[in-house]
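Below, each chain spelled out in residue letters.
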Amino acid sequence: MPRLSEVIAALDALWPPASAEDWDAVGTVCGDPDQEVSRVLFAVDPVQETVDEAVKLDADLLVTHHPLYLRGTTTVAASNFKGRVVHTLIKNDIALHVAHTNADRADPGVSDALAGALDLRVVRPLVPDPTDADGRRGLGRVCELDHPLTVREFAARAAERLPATAQGIRVGGDLEALVRTVAVSGGSGDSLFADVRAAGVDAFLTADLRHHPASEARAHSPLALLDAAHWATEWPWCELAAAQLDEISDRHGWDLRVHVSKTVTDPWNSHSPSPGAPN
């Protein structure tokens with residue numbers, strides 16, 4: 001069995017920590033570098049539900065997309081929920097490793113996985129990484145459909161292909177307009193509207209669209225907006241990342257058992273439509 005340090009080195013090669021945004025907190029949160037690893041669980045969120053799942057699986061390593069301590073901390077006391085997560089991990093000899101914006105920028109990365117889930121062909125990054133001479137890394141992806149769909153049909157595809165959440169898919173735009181090209185960005189994407197307009201796509205699928213940026217984007221152009229749940233747009237990366245680690249394990253003869261959490265950790269768990277609202 002490989003040591004934790006060997007597995008982390010392989011993960012860092014997939015998602016180099018140096019490529020993360022300056023404000024991000026990626027890397028290993030807890031874990032003994034000399035600990036042996038035989039079972040790994042991938043999840044979006046390092047919350048108690050996924051940590052308990054790792055304990056139940058007898059996992060040695062939990063890899064999450066979202067950081068546990070994005071803004072730092074002065075305590076890991078078990079009197080708060082993040083401290084309880086740390087205590088549970090350490091008591092059960094489970095390491096925690098985070099790949100966030102470094103996984104967003106990677107090739108393949110979070111938005112590649114999102115495009116794959118929607119059966120889209122990736123053309124290029126939406127915001128290319130200037131350090132990548134091959135032009136494959138960066139934030140978001142510009143994609144093409146295999147055949148045109150209406151906005152209504154494309155939204156239905158997204159609702160069917162992405163994990164089910166209470167939110168589903170919110171849509172802004174002409175439902176009968178044709179979609180041939182799409183920009184996608186896993187997670188919060190409304191900071192990318194200028195790049196989306198510059199790409200000249202027909203639709204933009206992302207998450208966490210706020211009122212004012214979305215309203216201004218609608219006023220700028222006939223761009224269709226599809227707003228999915230944040231967790232749902234990033235969960236496909238877990239399957240991609242697990243497959244990547246499986247391949248590395250086979251190549252090195254590690255015989256790792258790699259799992260993907262299907263626990264829904266989206267914070268919203270119910271939806272009550274307004275009477276008479278458009279469907």
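A quick note: this is a predicted structure, and the numbers were derived from the prediction, not measured.

Analysis parameters
- Residues numbered from 1 in each chain as written.
- Predicted model: local features only at pLDDT ≥ 70, side-chain atom pairs only at ≥ 80, totals over all residues.
- Heavy atoms only, no water.
- Helix = DSSP H or I, 4+ residues; strand = E, 2+ residues; numbered from the N terminus.
- Contact = heavy atoms within 4.5 Å.
- Pairing = 2+ DSSP bridges.
- Axes fitted to C-alpha atoms, helices over the stretch in contact; angles between N-to-C directions.
- Core = buried A, V, L, I, M, F, W, Y, C linked by side-chain atoms within 4.5 Å.
- Buried < 20%, exposed > 50% of the residue type's maximum accessible area, 1.4 Å probe, protein only.
- Arc of directions from axis to C-beta.
- Phe/Tyr/Trp six-rings, centres within 6.5 Å; stacked < 30°, edge-to-face > 60°.
- Polar contact = N/O pair within 3.5 Å; in protein donor to acceptor, adjacent residues only side chain to side chain.

Caption draft 1: Seen up close, the environment of Val44. Within the secondary structure layout, Val44 lies in the loop between strand S2 (39-43) and helix H2 (48-57). With residues up to four places along the chain from it excluded, the contact list for Val44 reads Thr64, His65, His66, Trp231, Glu234, Trp235 and Cys238.

Caption draft 2: Highlighting the sheet that holds strand S8 (residues 178-188). Strand order across the open sheet formed by 6 strands is S5-S6-S8-S9-S10-S7, with mixed pairing between neighbours. Both outer strands of the open sheet, strand S5 (121-128) and strand S7 (170-172), are each paired with one neighbouring strand and no more. Neighbour-to-neighbour, the strand axes of the sheet open up by a mean angle of 25°, direction not taken into account. Across 6 bridges, strand S6 (residues 138-150) lies against S8 in antiparallel orientation. Of the residues in S8, the one forming a bridge with Leu149 is Val179. Helix H9 (residues 230-252) contacts S8, strand S9 (203-207) and strand S10 (224-228) of the sheet and is inclined by roughly 90° relative to S8.

Caption draft 3: Main features of the nonpolar core. Of all hydrophobic cores here, the largest spans 52 residues; its most connected members are Phe42, Leu61 and Trp237. In terms of residue count, the dominant contributor to this core is H9 (9 residues). When residues no more than four places from it in sequence are discounted, the contact partners of Phe42 are Trp15, Val63, Trp237, Cys238, Ala241, Ala242, Leu245, Val258, His259, Val260 and Ser261. The next biggest cluster of nonpolar side chains, apart from the first, holds 14 residues, and it includes Ala43, Leu68, Leu89 and Leu96.

Caption draft 4: Region of the structure containing helix H6 (residues 151-161). For H6, the set of buried residues is Val151, Phe154, Ala155, Arg157 and Ala158. When H6 is viewed along its axis, its buried side chains cluster within an angular range of 155° and face the same direction. Check the buried side of H6 and you find it contacts S6, S7, S8, S9 and S10.

Caption draft 5: Molecular detail of the packing of aromatic side chains. Tallied over the entire structure, the rule returns 3 aromatic pairs. Aromatic pair Phe42 and Trp237: ring centres 6.3 Å apart, planes at 80°, arrangement edge-to-face. You can see Phe42 sitting in strand S2 and its partner Trp237 sitting in helix H9, a full 195 residues away along the chain. Judged by its relative accessible area of 0%, Phe42 falls in the buried class.

Caption draft 6: Looking closely at the side chain of His230. Relative to the elements of secondary structure, His230 occurs in helix H9. A polar atom in the side chain of His230 sits 2.6 Å from the side chain of Asp208. Dropping the residues within four chain positions of it, His230 is found in contact with His66, Gly187, Ser188, Ala207, Asp208 and Asp266.

Caption draft 7: Region of interest: the sheet that holds S2. Strand order in the open sheet formed by 5 strands is S1-S4-S3-S2-S11, and the pairing between neighbours is mixed. Of all strands in the sheet, those with a lone pairing partner are strand S1 (27-30) and strand S11 (257-260), marking the two edges. Strand-to-strand twist in this sheet, taken as the mean axis angle between neighbours without regard to direction, amounts to 25°. Looking at chain direction, S2 and strand S3 (residues 61-64) are connected through 4 bridges and run parallel. Looking at the pairing, Leu41 lines up with Leu62 of S3. Relative to S3, helix H1 (residues 4-14) is tilted by about 20°, and along the sheet it contacts S1, S3 and strand S4 (95-98). Contacting S2, S3 and S11, H2 runs over the sheet at an angle of about 160° to S2.

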